[in-house]
Structure formats: structure tokens, C-alpha cells
Amino acid sequence: MHVLCTGPIPAHIAFIMDGNRRYEKKHNMEAGGGHTAGFLALMYVTVYAFSIDNFKRPAAEVNLLMNLMRDKIEDLLREESVISQYGIRIYFISNLKLLEESVRLAAERAMRATANNSNATLLICVAYTSTNEIIHAVEKSYKGQLDGTCCEEASSEMGDGSMVRLAEVERHLYMSVVPDPDIIIRSSGESRLSNFLLWQTANTLLCAPLALWPEMGFKDLCWAIINFQRSYSYLEKKPKQA
Amino acid sequence: MDPRLQALEFWNIGNLVQRLLWHIVHIVVSLWYSLAGLVQSVESNLISKGVLKGYDNLEIGKVKYLALVIESEDARRIFEVIELLQWLRSLGVKQVCLYDVNGVLKQSKEVIAKLLGNASLFGVDSVEDLKCDEKHMMLEFASISDGKEAVAKAANLLLKRFKSENAAGVQKDMVFTEQDMFDALKSIGYGAPDPDLLLVYGPARCHLGFPAWRLRYTEIVHMSPLKHKKRGALMKAIYKFTTVRQNYGK
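Residues numbered from 1 in each chain as written. Chains lettered and ligands numbered in written order. Predicted model: local features only at pLDDT ≥ 70, side-chain atom pairs only at ≥ 80, totals over all residues. Heavy atoms only, no water.

### A closer look at the domain arrangement of chain B
Residue and element names in this part refer to chain B.
Okay, so step 1: When the domains of chain B are assigned, the result is domain 1 (1-56) and domain 2 (60-147 + 190-243).
Okay, so step 2: Centre-to-centre separation of domain 1 and domain 2, based on C-alpha positions: 32 Å.
Okay, so step 3: Domain 1 puts seven residues into the contact, and the matching count from domain 2 is seven residues.
Okay, so step 4: Between domain 1 and domain 2 the total buried area reaches about 670 Å² when both faces are included, carbon and sulfur atoms providing 63% of it. (Domains from an automatic or database assignment. Contact = heavy atoms within 4.5 Å. Buried area = accessible area lost by both parts, 1.4 Å probe.)

### With respect to the interface of chain A and chain B
Okay, so step 1: Listed as interface residues are 53 residues of chain A and, on the opposing side, 50 residues of chain B.
Okay, so step 2: Roughly 4,600 Å² of surface becomes buried between chain A and chain B when both sides are summed, with 62% attributable to carbon and sulfur atoms.
Okay, so step 3: Run the count over chain A and chain B and you get two salt bridges.
Okay, so step 4: The partner of A:Arg192 in a salt bridge is B:Glu219, and the shortest N-O contact between them spans 2.6 Å.
Okay, so step 5: Those elements that provide at least two residues to the side of chain A that touches chain B are α6 (130-146), α7 (166-171), β6 (205-207) and α8 (218-235) of chain A. (Salt bridge = Lys/Arg side-chain N within 4 Å of Asp/Glu carboxyl O. Helix = DSSP H or I, 4+ residues; strand = E, 2+ residues; numbered from the N terminus.)

### Here we look at the pattern of salt bridges
Okay, so step 1: In this structure the tally under the stated criterion is 21 salt bridges over all chains.
Okay, so step 2: A:Glu100 is the partner of A:Arg70 in a salt bridge, and the nearest nitrogen-oxygen pair spans 3.8 Å. You can see A:Arg70 sitting in helix α3 (residues 59-78) and its partner A:Glu100 sitting in the loop between β3 (88-93) and α5 (101-113), a full 30 residues away along the chain.
Okay, so step 3: The shortest N-O distance in the salt bridge between A:Arg109 and A:Glu74 comes to 2.9 Å. Note that A:Arg109 is positioned in helix α5 and A:Glu74 in helix α3, a separation of 35 residues in sequence.
Okay, so step 4: Ionic contacts of the salt-bridge type, sharing partners, join the residues B:Asp74, B:Arg77, B:Glu80, B:Glu83 and B:Lys229 into one network.

### Structural notes on helix α8 (residues 178-187) of chain B
Okay, so step 1: Within the sequence span of α8(B), burial applies to B:Met181, B:Ala184 and B:Leu185. One face of α8(B) carries all of its buried residues, which in axial projection span an arc of 100°.
Okay, so step 2: Of the surrounding elements, those touching the buried residues of α8(B) are α6 of chain A together with α7 (148-167) of chain B.
Okay, so step 3: Count one or two residues on from α8(B) and you reach B:Gly189, which has phi positive near 95°. (Buried < 20%, exposed > 50% of the residue type's maximum accessible area, 1.4 Å probe, protein only. Arc of directions from axis to C-beta.)

### Observations regarding the pairing of strand β2 (residues 46-51) of chain A
Residues and elements named next belong to chain A.
Okay, so step 1: Most of β2 is tucked away: five of the six residues are buried.
Okay, so step 2: Direction of pairing for strand β1 (residues 13-16) relative to β2: parallel, over a ladder of three bridges. Bridging across to β2, Phe 15 finds its partner in Val 47.
Okay, so step 3: The pairing of β2 with strand β4 (residues 120-128) spans five bridges and is parallel. Counterpart to Ser 51 in the pairing with β4 is Tyr 128. (Pairing = 2+ DSSP bridges.)

### Details of the domain arrangement of chain A
All names here are of chain A.
Okay, so step 1: Domain parsing of chain A yields domain 1 (2-128 + 180-237) and domain 2 (130-173).
Okay, so step 2: Each side of the interface is counted separately: domain 1 has nine residues, and domain 2 has eight residues.
Okay, so step 3: Taking both partners together, domain 1 and domain 2 bury about 740 Å²; carbon and sulfur atoms supply 53% of that area.
Okay, so step 4: It is Tyr 128, Asn 195 and Trp 199 in domain 1 that bury the most area against domain 2; as a group they hold 69% of the surface buried on that side.
Okay, so step 5: Seen at the junction of domain 1 and domain 2, the total is zero salt bridges.
Okay, so step 6: The interface formed by domain 1 and domain 2 contains eight residue pairs in polar contact (both at pLDDT 80 or more).
Okay, so step 7: Considered class by class, the residues forming the side of domain 1 that touches domain 2 number six nonpolar, three polar and no charged. (Polar contact = N/O pair within 3.5 Å; in protein donor to acceptor, adjacent residues only side chain to side chain. Nonpolar A, V, L, I, M, F, W, Y, C, P; charged D, E, K, R; others polar.)

### Re the packing of aromatic side chains
Okay, so step 1: Scanning the entire structure with this criterion turns up 12 aromatic pairs over all chains.
Okay, so step 2: Taken together, a centroid distance of 4.9 Å and an interplanar angle of 75° make the contact between A:Phe50 and A:Phe55 edge-to-face.
Okay, so step 3: With a centroid separation of 5.8 Å and an interplanar angle of 85°, the aromatic rings of A:Trp223 and B:Trp32 are classed as edge-to-face. Pair noted here: A:Trp223 is in helix α8 and B:Trp32 is in helix α1 (residues 3-48), and the two residues belong to different chains.
Okay, so step 4: An aromatic cluster of three or more residues is present, and its members are A:Tyr48, A:Tyr128 and A:Phe196. (Phe/Tyr/Trp six-rings, centres within 6.5 Å; stacked < 30°, edge-to-face > 60°.)

Encoded structure:
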């Protein structure tokens, strides 16, 4: 890794953690075992933990995942000193209203507990889709305009007759707290974004290593960074959200 | 020697060694990619000539809508774009969206449709020809302004409707659904289907701002810069797409 640091290093990497159920089948594990194994490897900046589409899965699996999530958040809060030692701030990028109350409260506690950390940021996308994020941003930007929080005067219309501007919508996206990702890595070799960060990834390098999520390792990360460095002179010219 | 100077010298040497190793890593990776490119080139030729049999039965019906993302500089090579469209037509693809950031393809849409022949423009021409003629192609042209700005326009439409409904006394909470956004986009001319497969002809695998709303479940495949396009590689990408199974989150 020291050698790779000689070249440009991505500031923001996003992960689609795909392949947990295939890992279970491959290793004859009980239901949920793949999710547990994969979670232990979690250590990156933005992760797509649970899509709104995943609520369509069998109720037992959804409950298992929600319980796993709540337990991991509680562990994180118990080990708060480790999080603070590394200065990691945690965001839950989520339509929090869709989460079960115990998970939502745990997520809110984790965000409050790490609000003063500033060395690194971990964003966990849960109960998230890009299209839902965009709709939410439209609603928030209009409400902000009506009550004057975004403009000099509260108003239902702008001077040019529009109700909201693109810049205001972008400002109210959940992911507006961080720059656009430099790399998206989707494990298990699948080549689609599945409604993840569609708005933010115009000039993001998309990588699709074949390893299932619980099998993903350091070499996959290194390979993605090497490819990022190879494309850097091309990607650098493209506009990104600051 | 002063220990501080000695430490500095070691650090400088260490730095140089690290830089050298970095360059070696990248040279090795570049050689690997060159070799892989050569193998892919041979494979493409074999696929194109029908020597590799697995790709001759493409199930092209699964590719209902295909998108091409092309670098704007390369998009000026209209004859290369047309050749790519001809290959797609010969494989049975009937509906194609051509996208580049700056709208170079959009500016040349009539020329491309005319030179390609037996093609019509999405949103302008009737879909009837598509149904009657096996070789007829429907072309859509898009650019960066059809992405985020289109969503902002659709948002404005939704909000204006909401405001007028509230003014008329129909009190309701401002809760929009994704279907509302779809309908609003369609009503202002951005109702083209989501592509099943998006092929990126450029130096890196990025979608370059293709309309975000239409990319939810699209398979995004990196091909090569346009000047290195190969028919066999196109067939392989389409074949691989037809073997993909999506769960849509379930």
C-alpha cells in the first residue's frame, strides 16, 4: 500500500456489498451467515448496506438483517473509544422513517456520538435508493424555500417562475455531505449500480471484482486503486462536486 | 555525518525506491493489459468470424433498449458511430440511445439517421415502422442536459401541480412518489425507456452523467475507446448480458 501511495489515492470509495447469499450457498452456511461474514470485513467509506428494494425479500431475512444491523451499531457504540481514536464520523444515509424503530434510534445515536469526529467519514446507506434520495431532496428543497431556510425570503416561487433550482435539489441530497465517489466497487462481478449513487457517479470509476463480498480482500482494493491511478489523468479533467 | 542529515538521506533514498516500485507496478500492470488486449482482439476476431460457436445464438430479444455512451471527442467520428450502429442492427438491436456529454451526437442526429438509413428518431417519428420492419432502428440522442436538469424541470412541474391543487382547496401532504417523477419526466419529453444494457466507449468505465433516473438496473459494460471498437467484442458483451440474472433487490 505504501508503494501505491506514491500515486493519486482516491478520496472517496463506495462499495456495493453484493454476494452474501451466494457466499452462504457456496459454503453451505445457514441463512444470514454470509451477511455476518461479510459484515466483519466492513471497513470502507460508503457502503450500500440495504436497499429499499431489499424490503421485498422474505420477512425472516429482512428481520435478520435489521437485527444484525442494530447489533453492529450497538457494538460500535460500545467501542466508541475505538471510533473516536480513529476520529471516524458515521452517517446513516437513509430514509430513516422506513427503518424499524430500534434500528433507527441506534443509527441516530451513532450519528450523534460521532458528530465531532473529523478524521474520516463512514457513510452507511441503509433503506436507500438513489431515486428515493432525489425525491426526498426535491421535497426538502421546496420546503426549505417555503420557510425561507434556503433563500433570502420565504417564497413559493423564484424570480424566474421556477419552484426549485437544481443547485438546491443537489444541496438537499443525503450524500451532499461528502464529495462524489472516485471509485465504486461492486463485489461479485455484477456490472449494474442497482439504484445506488446514480446522481453522484457521472465521473466515478466503476469496478466489478469477481469476489463475493465476504471474500473481498485487500488485493481487490489495491487492484481498484491501481486502475483508478491509471485513469486518473482522464478522470481528473471531469467536473466533480467539491 | 550529522545523524539528522543521515536520516534525511535515508528518507530520500526510501522515497526514490518507493517511486521506482510504483512505476514498476504500473509498467507490469500496463504490460498485463496490453497482453489481455491482444488476447481479446484475437477472441473478438474469432467471435466475429463465427469460429467460437457459443456466441452465434444471441437471444437478442432480451436487449430491448441499448445505450451507447461515447466520449464527446470521439462522437465527432460520425462514420465510426454509424458503423457501430450497423453492427448493432445486424445483431438485431432495434432501439438505441446514443449519449455523449456535450451533445455532439445530438447535433448530428439527422445526419446519422439519414446516413444509417431505415432509422427514425425517438419522440419525433412514429413507432409503427419499428413494428413493421425487422431492420428498422429507433434512435434516441441524449446529453448531460437530459440528466440532472431534466429532473429539476420535472420537479418544478410536480411542485407547480401540488401548489395549484392546494390553491384549489385540495389539501394534501407534499409526498411525491417515484411514479410521480416518472410521469412528470414523461410529460416533459423525457419518457424514453431505461436501457437494459449500457456500453461505454471511452478510456474508463464511467457512465459520464447518463440520465441517472434511467440507470437503476442497467448493466454498465466498458468496451474500449471508439477507435478500437470490435464487432466480436460487441457480440460478447451482448451475449454476457443475456446470461445475467437480476433479483431487483429480492
